[in-house]
Each structure stands twice: as structure tokens, then as C-alpha cells.
Amino acid sequence: MRIESRLAQIGSVSEPVTGAVSYPIYNATAFRHPRLGQSTGFDYSRTKNPTRAVLEEAIAELEAGDAGFAFSTGMAALQTIFSLFRSGDHLIVSLDLYGGTYRLLERIMGKFGVTASYVDTNDLEALERCRTESTRAVLIETPTNPLMMVTDLAAVSAWARSRGLLTIVDNTLLTPFFQRPLELGADIVVHSATKYLGGHNDVLAGLVVTKGKELSEEMAFLHNSIGSVLGPNDSWLLMRGMKTLALRMERHQENATRIAQYLEGHPLVAEVFYPGLESHPAYSIQRKQASGNTGIFSFKVTDARLVEPILRHIRLIAFAESLGGVESLMTYPAVQTHADIPEAIRRQVGVDDRLLRFSVGIEHADDLIADLEQALVAAEEETKGAGSRG
Ligand SMILES: *Cc1c(COP(=O)(O)O)cnc(C)c1O
């Protein structure tokens, strides 16, 4: 079955009792045992819940893995993955990292003696340089957010495997519809399903998919032991969102590409970061390993003074954090999503005070371009005024 069909059919083909086309929400926390020593396969919902199980099977299949796990948030999913490691272990992590993942590693995992080095994970020499005896895994975001740095997943997974390291990929921005890291050699995929998979800015969730029996069993043990599992209502809501993933991703990509091209030619824009543009340095790697591009990109305006009025003047596009929903959102990474990353690292990566991030929704591209154009014109007018006042 092609991925579009599998997505549309999530939860629709597996309910044997009534034939319900939308899978039921099982709120039960406990399940009656037929007799001593027997189980229906469900005992207690933290361990396994029927509604959550349908979601977990679907994501495992979509990502071409062996087992899927649903968590209350993306951060809970990452925390549970990090619980694979112990004091003294070292991780190599993508430099332009999601701020919350950086905070979790530095402020929490650090207390338990797990350390991390942040590098451009596409640079094999840099990976080799920061590898130590204690290194256990590489954690990759590709493309990164907000700077859209791309890592060659097949090359880095092969390198990691040859050194006995796990490869963990945060696939939030592309989803299995466009990119399947496990097929390229990774061991674990993690998602903030809050973003594209849910797709409607109305449910928080995290998903993990593992490859291999041992790793899958270890993750099942941690998932149940730590217990930050996704509830049945949210599992259902996430599946409802995922059914339209193919349509949404295609529209996100189409809109983002058009708007990135428009901004690339705009006199008030200095730079556009989007792997779907031929000008992007990793355009060919991106094309090789993914069948499409995400709906989010970043751009630098020519003058930092334009930022505040742009954010004030956008009307259709909301000034809000998060990404991946049907509604367009714009954010200012330096002071919002990346506030927890020290300024030195932020600058090294290039998240400066001229950078804006745009999560392009599924509205009509012409309406989004018109909104951007009026905001840019108004911002230019205001900064000219400010300039002449000295
Ligand atoms: C949002 C996000 C997370 C965290 O997920 P939550 O669902 O907000 O906890 C992790 N990684 C990436 C790339 C994200 O965008």
C-alpha cells in the first residue's frame, strides 16, 4: 500500500467488533483478565492501551520500523530516549538544535552525568573529532530549525554504525511522508507529533519508532516505566490529524517553495534558508534522501529594525511559536524559540536578530504573499521614518 492510503486508513481497518470506521477511544485504564494467567493483551493502559496501540502500529509502519511508542509530548519522547543512556555517556548532537532539546540535555541530562557535544552533524570530520570512548549516539535534526542545515543521513548513519554508535533522528520537520530515516540506516526516529503529524495546532504529542528487537524491547520497558504516555483521547485526535498528512504536506511544500522564492527576490530580504531552493547548499543531499520539503523556512531581513514592525503588521499570518499546523505562524527565534540557547552558540549557528522563521500553513499562497508584502512595505515605511529622526 502506498503511504497516502496507509495514512488515510489509520484506525479505519482494525476495529473488529463493530466495524467502526473511526477507531474507538478506549478510556479504560484497566482490562478484565479472562482467568488467572490470561490476558486480552491489555492489562493496564500505561503499558498498553487499544487506541494508543493503533496509533503506535501506524507510526511504526509509516517509518518502516519495528515498534512505535506514543508520548505525551515530543520532549517526553526525547527524555525517554535519553534514558537509554547512563552517567558518563556522551552524545553528539546537531548544532542548530531545537531549543527544548538543548535545554533537556544541558539542564537535566547533565545532572545525571550525560554530556553532549554540538556540531554540524553533516561534517564527518567534526563528528570524528568530537567522538570519545564514551560516545554512545548521534542525535540528528535534518533539516534543522530555524537554519535548515541538512545532514546526509545515509552517510552519518553508516559512520555511526561503524563506530558502534546509535543514530537517532528527529524527523519532526519532514514526517515519514517525505523522509524515512530508518530506511537510510538510523536506529531511532523521534517526532514532536504536535507539529506536522497532528497538523492542526490542537494536540501535544510525541512519537518514537525503533528498529531492531533489542532496542524496541528496551524502549517498551522505558516507555512503561517512565510513563509519559499519550492518553487515548489525544491518540485519537492525533490519528485524525494524520489521516490528511499527505494532502497537508504537499500543500505546505508548495506554499513554502513559492513564498521562499518570492522572498529570495525581495529587496528587504538578505537571505532565505530553505532546502527546496536550488540556492541552498544542501539542495542535492535533500533531494537524494527526502521525497519533498518541509513547510517551514527562515529568512533574514536586511535590517534588524524591520523585525518588530513586520511582526506587528502581519494579519493573516499569526505571530506565534510552534510550527507544522494548517495555520501560518511566524516567530522570531532569537527571542522566542531559541531563548534557552546561549547567545554565543546562537551566533555561531547564525540565529541572529535579523532572522525570522515562517511556518507556512495551507492557506492560499497569494493571500500569504499579499500579507507579507503589506507588512514589509509598512515596516520599511516605519524604519525610514525612524532613520530620518536620527
Ligand atoms: C516542537 C519540537 C520538539 C518538542 O516537541 P513538543 O511536542 O513541543 O514537546 C522537539 N523537536 C523538534 C524539532 C520540535 O520542533
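Whatever comes next refers back to the structure up there.
Now for a quick tour of the structure. (Residues numbered from 1 in each chain as written. Predicted model: local features only at pLDDT ≥ 70, side-chain atom pairs only at ≥ 80, totals over all residues. Heavy atoms only, no water.)

**A look at helix α10 (residues 245–264)**
- Taking 1.5 Å as the rise per residue, α10 with 20 residues should run 28 Å; its terminal C-alpha atoms sit 28 Å apart, in good agreement.
- Taken together, the buried positions of α10 are occupied by L245, A246, R248, M249, H252, N255, A256, T257, I259, A260, Y262 and L263. (Helix = DSSP H or I, 4+ residues; strand = E, 2+ residues; numbered from the N terminus. Expected span 1.5 Å × (residues − 1). Buried < 20%, exposed > 50% of the residue type's maximum accessible area, 1.4 Å probe, protein only.)

**Quick word on the pattern of salt bridges**
- If you walk through the whole model with that rule in mind, you get 15 salt bridges.
- Measuring nitrogen to oxygen at the nearest pair gives 2.7 Å for the salt bridge that ties K288 to D152. With K288 in helix α11 (residues 283–289) and D152 in the loop between β4 (135–141) and α6 (153–162), this pair connects stretches of sequence that are 136 residues apart.
- Classification of K288 by relative accessible area gives exposed; the value is 55%.
- By relative accessible area, which is 12% here, D152 ends up buried. (Salt bridge = Lys/Arg side-chain N within 4 Å of Asp/Glu carboxyl O.)

**What about the packing of aromatic side chains?**
- Enumeration over the complete set of coordinates arrives at seven aromatic pairs.
- Of note, K48 hangs over the ring of F42, and the distance from its end group to the ring centre comes to 5.0 Å. (Phe/Tyr/Trp six-rings, centres within 6.5 Å; stacked < 30°, edge-to-face > 60°. Lys NZ or Arg CZ within 6 Å of the ring centre and 35° of its normal.)

**A few points about helix α8 (residues 213–226)**
- End to end, α8 covers 20 Å across 14 residues, agreeing with the expected 20 Å (1.5 Å per residue, within 8%).
- Where α8 is concerned, the buried positions are L215, S216, M219, L222 and H223. The arc that holds the buried residues of α8, viewed along the axis, is 125 degrees, so those residues lie on one side. Among the exposed residues of α8, those oriented more than 90 degrees off its buried face are K213, E214 and F221.
- Tucked inside the fold, the buried residues of α8 contact α2 (50–62), β1 (67–71), α3 (74–82), β5 (166–170), β6 (188–192) and β7 (206–210).
- Of the residues trailing α8, G227 is marked for its positive phi of about 85 degrees. (Arc of directions from axis to C-beta. Contact = heavy atoms within 4.5 Å.)

**A short note on the nonpolar core**
- Ranked by size, the top nonpolar core spans 86 residues in total, and within it I81, F82, L105, V138, V208 and L238 carry the most contacts.
- Top contributing element to this core by residue count: α2, with six residues.
- A domain split of this core shows at least three residues from each of domain 1 (3–242) and domain 2 (246–389).
- Leaving out residues up to four positions away in the same chain, V208 has contacts with A67, G68, F69, F71, A77, I81, I188, V189, V190 and M219.
- Core analysis: the next-biggest nonpolar cluster, separate from the first, contains 30 residues, Y262, L277, F299 and L372 among them. (Core = buried A, V, L, I, M, F, W, Y, C linked by side-chain atoms within 4.5 Å. Domains from an automatic or database assignment.)

**Points about the environment of V377**
- The residue V377 is located in helix α14 (residues 365–388) in this model.
- Accessibility expressed as a relative area gives 40% for V377, which makes it partly exposed.
- When the C-alpha positions of V377 and A339 are compared, they lie 28 Å apart, and in sequence the two are 38 residues distant.

**With respect to the environment of P143**
- Tracing the backbone through its elements, the reader meets P143 in the loop between β4 and α6.
- Relative accessible area serves as the criterion here: at 3%, P143 is assigned to the buried category.
- Through-space distance from the C-alpha of P143 to that of A282 is 9.6 Å; in sequence the pair is 139 residues apart.

**Observations regarding unusual backbone geometry**
- Residue P143 follows T142 across a cis peptide bond; omega there is -5 degrees.
- Of note, the amide linkage connecting N145 to P146 takes the cis form, showing an omega dihedral of 10 degrees.
- The backbone phi angle of T175 is positive, close to 60 degrees, even though this residue is not glycine.
- Mapping T175 onto the fold places it in helix α7 (residues 175–178).
- You will see that S322, though not glycine, has its phi angle at about 80 degrees, which is positive.
- Relative to the assigned elements, S322 resides in the loop between β10 (318–319) and β11 (329–331).

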